[in-house]
Amino acid sequence: MASNSIHNQELQDQSPGDGDQHGRHGGHITSPLLRRPSPEITRDREAAEEWEENSPVEQVALTVPVGDDPSTPVLTFRMWVLGAASCAALSFLNAFFGYRKEPLTITAVSAQIAVLPAGRLMAAALPDRAFFRGRPWEFTLNPGPFNVKEHVLITIFANAGAGTVFGANVVTSLRVFYGQHLSFFVALLIIFTSQVLGFGWAGIFRRYLVEPAAMWWPSNLVQVSIFRALHEKERRRKGSLTRNQFFLVAFICSFAYYIFPGYLFQMLTSLSWICWMFPNSVIAQQLGSGLHGLGIGAIGIDWSSISSYLGSPLASPWFATANIAAGFFVVMYIITPINYWFNVYKARNFPVYSDGLYTVTGQKYNISSIMDSEFHFDMNAYEKNGPLYISTFFAFSYGLGFACLTATISHVLLFHGSEIWQLSRSAFQEKKMDIHTKFMRRYKQVPEWWFICILVASVAITIFTCEYNIEQLQLPWWGVLLACAIAIFYTLPIGIIKATTNQAPGLNIITEYIMGYLYPGRPIANICFKVYGYAGPCQALEFLQDFKLGHYMKIPPRTMFMAQVTGTLIAGFIYLGTTWWLMATIPDMCNTELLPADSPWTCPYDHVFYDASVIWGLIGPRRIFGDLGTYSAVNWFFLGGAIAPLLVWFAHKAFPAQKWILHVNVPVLIGATSLMPPGTAVNYTTWILVAFLSGYVVYKHRRDWWERHNYLLSGALDAGLAFMAVLLYLCLGLENKTLNWWGNDLDGCPLASCPTVKGITVHGCPVHN
């Protein structure tokens, strides 16, 4: 085993030659296959066979180590203590920063780095005496040096804390926006049931989304690179840095730099220079604003701005980046301007880019005036106030969401249908496995019935929670079952796209749409249905991604399962506790009309969540997107999304020599702007630029540098930013110490949200005559 590991390290240190590249398109792997090593590199037959069995995805083969030692202790006292602590810490911090104006997601990379010295300190300080020696439950506090498998499992705990807790949006909406009383126990049940529900789907689809080498989950390679840098001993080359040294330098630079966009010079988040040139022009600011407009020329020199919505650009495969870039530029710079300046759906009465709800005169819609005392829709009041309008961009984004859903099903059936059929017929066991799957076959797998039991129990508790609190939650038992049916239908196709492109279409729109038609006038029922139908697959994908990380690092599956379940429960409790505390201690939290102008507690995610509950749940899709609504034509996007992948498939069959056609991933292209809003133009423009430089320029022309440093750089930037952000808040935020100068005006485009049609008067905006 030692010789294999040494040989693998030698292969990792080689620069790829200039041999032929062979594309593999039947399985839709869009990176070239590994080249066969030269005779000089291949030292022995066993090593050559190991290379042949390595992953066909080049990024995986260049990053993930080959080899395993099953005797390495994993379930240790150190792992439990540090895992639970890191999970609790990240849950608190992400809940805390998630309600702020610029939401900050602190990834598990931060905990991954922080626990290493703690683990080594515990290995040096704890006694190694064995307790209950000779008995089945014999254990020791200190089984030896702190090892990489313990470290991986602690990071799995941290991933649970770094994940999104969708049930918290329901709690915030009920208590803050709808003013409902909700007990902590009922809120905790909502959190736990929505989080744990995903385990059922994850267990069902493991064999499709974890074991096949083609399902490579790109973002996992960032953490794998960091594990290697922190645990592998490497001899420093002359004139260069080791991986560990490079990571440390990048971490320190990221940590030191974030004091500028995080406190001293916040305009670095969005440098919208066109606004500076035309300070009195509404149109110029609409074009140039990176936060409230089209973001032409805007750039953010701030890692939190770059990675906040689309994830790390350094972890994105180039073909996925190209699809996102194409989708973004078509929507933002062709379709949106045409719709706006041709006044489609009265677009010029409203901001060019907004998630707000408006009257026809461009004023904010008074939602409370169209609800009765039981939070049901008041038809008479709605007719008196007039129909609800949204910005044309917002309406079009919903249409793209419709198209993305049907495109996902169509794309997966066309390009992955045969693979799914083979796996369903248990043909996977006869197919050639990569080296990582072979190693993992040594361990006991998690039985299917474990997942099924969790699924059945969580569904039963969910139905009980909703029925027992029907006046508060409004969701009947059949709504829970329908949400589960939608989740199980979409988890596999969305998982395939996520596992190969690092992007995942969301189910939020289709769940809102269906429940809005079936159960109109009940906004709280709509958001509960959305959480159970949308959060389940999202949680399943997070669990599957962690399973793949454990797969790469050879963690026993049952141990992984135990850590994931425990971490999910800890994360849910801490997240809700933090939310509860914030709502009790911050006056007017999330209420942008009552908060001070410089208050950070604006809750952007929760505002989008609340607005959607009004559109789909209270007023209902029929009065907005149906036969009684303004935006009925948007429904044609369902058909367009279903047809688009078929056109790509026909093009591939007609022109098989044009390999680039297979790189067109229609769901990713159509869903490129699915995170807008709350994502903004500057988040996309800068992300695309960095992803292009990393995934195409450096990967193509400096492959050796990319192999050694790309994923490490991503992790170091995440960790440095997170540590400085926490430090700034503890030292300055708690004392409310701020700097008031033009460099801290986030965008410098105050007119970007103004309407441009004559006769519309909005506070703070010039009147067009």
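Residues numbered from 1 in each chain as written. Predicted model: local features only at pLDDT ≥ 70, side-chain atom pairs only at ≥ 80, totals over all residues. Heavy atoms only, no water.

- By the naming in an unreviewed UniProt entry, the chain is Oligopeptide transporter 7, taken from Urochloa decumbens.
- For the record of the chain, the UniProt heading Sequence similarities (unreviewed entry) holds the text "Belongs to the oligopeptide OPT transporter (TC 2.A.67.1) family." (UniProt positions renumbered as here; feature names shortened; annotations may be inferred.)

**Points about the overall build of the chain**
Here comes step 1: The secondary structure content of the chain amounts to 30 helices and 4 strands.
Here comes step 2: When the 769 residues of the chain are sorted by exposure, 59% land in the buried category.
Here comes step 3: Of the contacts made within the chain by residues no fewer than 6 positions apart, 79% connect residues no fewer than 24 positions apart.
Here comes step 4: Carbon and sulfur atoms make up 63% of the accessible area of the chain, which amounts to about 31,400 Å² in all. (Helix = DSSP H or I, 4+ residues; strand = E, 2+ residues; numbered from the N terminus. Buried < 20%, exposed > 50% of the residue type's maximum accessible area, 1.4 Å probe, protein only. Contact = heavy atoms within 4.5 Å. Areas by Shrake-Rupley, 256 points an atom, 1.4 Å probe, with all protein chains shown as cover.)

**Let's talk about the packing of aromatic side chains**
Here comes step 1: Across all of its chains, the model carries 59 aromatic pairs by this definition.
Here comes step 2: A ring pair is formed by Phe 265 and Trp 742, whose centres lie 6.1 Å apart and whose planes are at 85 degrees; its orientation type is edge-to-face. Of this pair, Phe 265 sits in the loop between α12 (259–264) and α13 (273–277) while Trp 742 sits in the segment after α30 (703–733), placing them 477 residues apart in sequence.
Here comes step 3: Given a relative accessible area of 23%, Phe 265 falls into the partly exposed group.
Here comes step 4: A relative accessible area of 59% means that Trp 742 is categorised as exposed.
Here comes step 5: Taken together, the aromatic side chains of Tyr 345, Phe 394, Tyr 398, Phe 402, Tyr 513, Tyr 517, Trp 616, Phe 625, Tyr 631 and Phe 638 make up a single cluster linked through ring pairs.
Here comes step 6: For Arg 522, the ring lying beneath its charged end belongs to Tyr 519, and the centroid distance is 4.2 Å.
Here comes step 7: Just above the ring of Phe 609 sits the side chain of Lys 530; from NZ or CZ to the centre is 3.9 Å. (Phe/Tyr/Trp six-rings, centres within 6.5 Å; stacked < 30°, edge-to-face > 60°. Lys NZ or Arg CZ within 6 Å of the ring centre and 35° of its normal.)

**Concerning the state of the cysteines**
Here comes step 1: Under the definition given, this model contains 3 disulfides.
Here comes step 2: The residue that forms a disulfide with Cys 275 is Cys 749, at a sulfur-sulfur distance of 2.0 Å. Between Cys 275 and Cys 749, the S-S dihedral sits near 105 degrees, and the bridge is therefore right-handed. One end of the pair, Cys 275, is in helix α13; the other, Cys 749, is in the segment after α30, and 474 residues separate them in sequence. Here Cys 275 and Cys 749 have matching classes, each one buried.
Here comes step 3: Two residues, Cys 754 and Cys 765, share a disulfide whose sulfurs are 2.0 Å apart. One quick way to see it: the torsion about the S-S bond of Cys 754 and Cys 765 is about -85 degrees, and its sign makes the bridge left-handed. Pair noted here: Cys 754 is in the segment after α30 and Cys 765 is in the segment after α30, with a separation of 11 residues, a long-range link.
Here comes step 4: Judged by relative accessible area, which is 17%, Cys 765 ranks as buried.
Here comes step 5: Bonded cysteines in the chain are paired 1-4, 2-3, 5-6 when counted in the order they occur along the chain.
Here comes step 6: There is no disulfide at Cys 466, and the cysteine sulfur nearest it, in Cys 528, is 5.8 Å away. (Disulfide = S-S within 2.5 Å.)

**Some details on the packing of helix α5 (residues 108–125) against helix α10 (residues 220–231)**
Here comes step 1: Two numbers describe how α5 lies on α10: the axes approach to 11 Å, and their chain directions differ by 20 degrees. In this view, α5 runs roughly parallel relative to α10, as classed from their interaxial angle. Crossing angle aside, the handedness with which α5 passes α10 is right-handed. Contacts from Ala 108, Val 109, Gln 112, Leu 116 and Arg 120 of α5 reach α10 at Val 222, Gln 223, Ile 226, Phe 227, Leu 230 and His 231.
Here comes step 2: Taken together, the residues of the contact of α5 with α10 sort by class into 7 nonpolar, 3 polar and 1 charged. (Axes fitted to C-alpha atoms, helices over the stretch in contact; angles between N-to-C directions. Parallel < 35°, antiparallel > 145°, perpendicular 65-115°, else oblique. Left-handed = near helix turned anticlockwise from the far one by under 90°. Nonpolar A, V, L, I, M, F, W, Y, C, P; charged D, E, K, R; others polar.)

**Some remarks on the nonpolar core**
Here comes step 1: Judged by nonpolar contacts, the single largest core of 166 residues is most densely connected at Leu 388, Ile 390 and Ile 615.
Here comes step 2: With residues up to four places along the chain from it excluded, the contact list for Ile 390 reads Phe 350, Gly 356, Leu 357, Ala 395, Tyr 398, Ile 615, Phe 625 and Tyr 631.
Here comes step 3: Phe 396, Ile 661, Ile 670 and Ala 672 belong to the second-largest nonpolar core, a separate cluster that totals 43 residues. (Core = buried A, V, L, I, M, F, W, Y, C linked by side-chain atoms within 4.5 Å.)

**Observations regarding unusual backbone geometry**
Here comes step 1: Cis geometry marks the peptide bond from Met 676 to Pro 677; its omega dihedral reads -20 degrees.
Here comes step 2: Within the secondary structure, Pro 677 sits in the loop between α28 (666–670) and α29 (681–701).
Here comes step 3: A positive phi angle, near 55 degrees, is found at Tyr 345, a position not held by glycine.
Here comes step 4: Residue Cys 603 is not a glycine yet carries a positive backbone phi of 55 degrees.
Here comes step 5: Here Cys 603 shows up in the loop between α25 (557–585) and α26 (604–619).

**With respect to the pattern of salt bridges**
Here comes step 1: By the definition in use, this model includes 10 salt bridges.
Here comes step 2: Across the salt bridge formed by Asp 68 and Lys 149, the nearest N and O atoms sit 2.7 Å from each other. In this pair, Asp 68 sits in the loop between α3 (58–63) and α4 (77–98) while Lys 149 sits in helix α6 (residues 148–162), placing the two residues 81 residues apart along the sequence. Of the two residues, Asp 68 and Lys 149, neither departs from the other in class, the shared state being buried. (Salt bridge = Lys/Arg side-chain N within 4 Å of Asp/Glu carboxyl O.)

**Overview of α5**
Here comes step 1: Taking 1.5 Å per residue, 18 residues should reach 26 Å; α5 reaches 25 Å between its end C-alpha atoms and fits that length.
Here comes step 2: At Val 115, α5 shows its maximal kink, close to 30 degrees; a proline, Pro 117, follows between one and four residues later.
Here comes step 3: For α5, the full list of buried residues reads Ala 108, Val 109, Ser 110, Ala 111, Gln 112, Ile 113, Val 115, Leu 116, Gly 119, Met 122 and Ala 123.
Here comes step 4: In this structure, the buried residues of α5 make contact with α4, α6, α10, α11 (243–257) and α30. (Expected span 1.5 Å × (residues − 1). Bend = angle between axes of the 7 residues up to and from the residue.)

**Some thoughts on empty space enclosed by the protein**
Here comes step 1: One pass over the structure, following the stated rule, counts 6 cavities of 30 Å³ or more.
Here comes step 2: As a volume, the second largest cavity reaches approximately 70 Å³.
Here comes step 3: Around the second largest cavity, the lining residues are Ile 335, Thr 336, Asn 339, Tyr 340, Ala 347, Pro 351, Val 352, Ser 391, Thr 392, Phe 393 and Phe 396.
Here comes step 4: Counting only elements with at least two residues in the lining of the second largest cavity, the list comes to α16 (318–341) and α18 (392–424).
Here comes step 5: Its residues assigned to classes, the lining of the second largest cavity comprises 7 nonpolar, 4 polar and no charged. (1 Å grid on protein atoms, 1.4 Å probe; cavity = no way out; pocket = protein on both sides within 12 Å on 5 of 7 lines; lining within 4 Å. Points joined across faces, edges and corners; volume = space filled by probe spheres on them.)

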